[in-house]
Amino acid sequence: MDLPKGIKEDADNWQTCPRCYDEAMEPWIEKGEAVFASYGLVTLDEFTKAFNRIPNEPKEEDYYTFREDYEFYGADEGVIKWQYSGSCTECGLSASESGEFPFYTKKR
Ligand SMILES: [Zn+2]
């Protein structure tokens, strides 16, 4: 597949994929809520053991799987043109858009 004009081989940026991160957070939140909901309903020892079994919170930096490429150009023509393309290497979530906005009408 040909890359759109101005899109580079190397990514301009890598971001946390919002969908991958949400999916990682969901079981962690559910586990934590279940443990805290048991507070007062189980012995302190049982609560402490369950609390200690809650896995570590997923870190956003572990989900830097969303590649972003973007470019702005055209100031010399009086029309800023831009394009953005992003996609996750893990889940395939993607977004792309382009546009332009004139800010000066050249006389020549
Ligand atoms: Zn993803």
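All residue numbers here refer to positions counted from 1 along the written sequence of the relevant chain. With pLDDT at 70 or above as the cut-off, local features in this predicted model cover only qualifying residues; side-chain atom pairs require 80 or more to be listed or tallied, and sums for whole chains, interfaces and linings still use all residues.

Student: So, the overall build of the protein chain: which residues are in play, and what are the values?
Tutor: Every helix listed is a DSSP run of H or I at least four residues long, and every strand listed is a run of E at least two residues long, numbered separately from the N terminus. On a plain count of helices and strands, the protein chain comes out with two helices and four strands. Helices and strands appear in the protein chain in the N-to-C order β-α-α-β-β-β. Against the compact-globule benchmark of 13 Å for 108 residues, the protein chain has a radius of gyration of 23 Å, which places it well outside the compact range. In this scheme the burial state of a residue depends on its C-beta neighbours within 10 Å: 20 or more other such atoms mean buried, 12 or fewer mean exposed, and anything in between means partly exposed; the C-beta positions come from the backbone. Within the protein chain, the fraction of its 108 residues that count as buried is 6%. Only the C-alpha atoms count toward the radius of gyration. The rule for a globule is 2.2 Å times the residue count to the power 0.38.

Student: Mind laying out the sheet that holds strand β1 (residues 13-15), listing which residues take part and the relevant values?
Tutor: Spatial strand order, β1-β2-β3-β4: four strands in an open sheet with antiparallel pairing. With one partner strand each, in any of the chains shown, β1 and β4 (94-102) form the two edges of the open sheet. Averaged over all pairs of adjacent strands, the angle between strand axes in this sheet comes to 20°, irrespective of strand direction. Two elements, strand β2 (residues 66-73) and strand β3 (residues 79-88), share eight bridges in a ladder whose sense is antiparallel. The residue bridging Phe66 from the neighbouring strand is Cys88, located in β3. The pairing criterion for strands is at least two bridges between them, as found by DSSP. Whenever a helix is involved, its axis is fitted only over the stretch in contact; in every case the axis is a line through C-alpha atoms, and angles between N-to-C directions fall within 0 to 180 degrees.

Student: How would you explain the environment of Trp28 if you had to name every residue and give the values?
Tutor: As for its position among the elements, Trp28 is in helix α1 (residues 18-37). Between the alpha carbons of Trp28 and Asp45 there is a distance of 21 Å; along the sequence they are 17 residues apart. By the convention adopted here, residues make contact when the C-beta atoms placed from their backbones lie within 7 Å. Those residues in contact with Trp28 that sit more than four places away from it in its chain are Pro55, Glu57 and Pro58.

Student: For the confidence of the model for the protein chain, give the residues involved together with the corresponding values.
Tutor: Per residue, pLDDT captures the predictor's confidence, and it can take any value from 0 to 100. Mean pLDDT over the protein chain works out to 91, with 92% of the residues at or above the 70 mark. Contacts of residues 3-7 to residues separated by more than four positions or lying in other chains number seven contacts, the stretch itself having pLDDT below 50.

Student: Go over the pairing of β3, please, and point to the residues and values.
Tutor: Between β2 and β3, which pair antiparallel in sequence order, lie five residues; one of them, Gly74, sits at a positive phi of approximately 105°. Where β3 and β4 come together, nine bridges link them in antiparallel fashion. Considered in β4, the bridge of Trp82 is made with Gly99. Linking β3 to β4, which pair antiparallel, is a turn of five residues; within it Gly92 sits at a positive phi near 85°.

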